[in-house]
Amino acid sequence: MPPAVNHLLVWFSIGALLLALPLAFNIASRLQAEARMRAEVERMTQEVNAAETKLAGLRAALGYARSEAFAEEWARVRARWSKDGEVIVVPPMMRKPSHLWWESFLK
């Protein structure tokens, strides 16, 4: 090969490398952006799963709150209601002592 063709091939190769460098940087930045997006998608998927689990729990609690079992528990425990023929027994409240136990020792 003549020397002129060798020089032309060298300059052509250098030019091709210079043109390929921005493309390589572009590919690298796109790969980094894709990795960030995949991580974000994974985080959001976990958030959605947690929200769906919480929603299922809330729906179960709502279903229980609308049930007859909840209404009867509330009526018997909180409101202290009874059915016909039943007698409610309420234990007496414990009174607080009028003085502290250690005050007896100081007298």
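Provided above is the structure to which this section pertains.
Residues numbered from 1 in each chain as written. Predicted model: local features only at pLDDT ≥ 70, side-chain atom pairs only at ≥ 80, totals over all residues. Heavy atoms only, no water.

1. Digging into unusual backbone geometry
- Non-glycine residue arginine 80 carries a positive phi angle of around 60°.
- With respect to the helices and strands, arginine 80 occurs in the loop between α2 (68–78) and α3 (103–106). (Helix = DSSP H or I, 4+ residues; strand = E, 2+ residues; numbered from the N terminus.)

2. Considering the pattern of salt bridges
- Enumeration over the complete set of coordinates arrives at six salt bridges.
- In this structure, the salt-bridge partner of glutamate 40 is arginine 43, at a minimum N-O distance of 2.5 Å. Taken together, the residues span about one helical turn, with glutamate 40 and arginine 43 both in helix α1 (residues 3–65) at a distance of three residues.
- Look at arginine 43 and you get partly exposed, because its relative accessible area is 38%.
- With its nearest N and O atoms 2.9 Å apart, the salt bridge here joins arginine 76 to glutamate 86. (Salt bridge = Lys/Arg side-chain N within 4 Å of Asp/Glu carboxyl O. Buried < 20%, exposed > 50% of the residue type's maximum accessible area, 1.4 Å probe, protein only.)

3. Considering the packing of aromatic side chains
- What the rule picks out here adds up to two aromatic pairs.
- An angle of 70° between the planes, with centres 5.5 Å apart, marks the rings of tyrosine 64 and phenylalanine 70 as edge-to-face.
- The partly exposed category is assigned to tyrosine 64, whose relative accessible area is 39%.
- Arranged with centres 5.5 Å apart and planes meeting at 90°, the rings of tryptophan 74 and tryptophan 81 form a pair that is edge-to-face.
- Overall, tryptophan 74 belongs to the partly exposed group, its relative accessible area being 41%.
- Among the residues examined, tryptophan 81 registers a relative accessible area of 52% and is labelled exposed. (Phe/Tyr/Trp six-rings, centres within 6.5 Å; stacked < 30°, edge-to-face > 60°.)

4. Points about a nonpolar patch on the surface
- A surface patch of nonpolar side chains, amounting to about 660 Å² of accessible area, comprises Val10, Trp11, Ile14, Leu18, Leu21 and Phe25.
- Following the sequence through the fold, valine 10 ends up in helix α1. (Patch = residues over 30% accessible without salt bridge, like charges linked within 9 Å, V, L, I, M, F, W, Y side chains within 5 Å. Areas by Shrake-Rupley, 256 points an atom, 1.4 Å probe, with all protein chains shown as cover.)

5. So, α1
- Counted at 1.5 Å a residue, the expected span for α1 with its 63 residues is 93 Å, and the 92 Å between its end C-alpha atoms agrees.
- Remark: the principal bend of α1, roughly 25°, maps to alanine 20, with a proline, proline 22, within the next four residues. (Expected span 1.5 Å × (residues − 1). Bend = angle between axes of the 7 residues up to and from the residue.)

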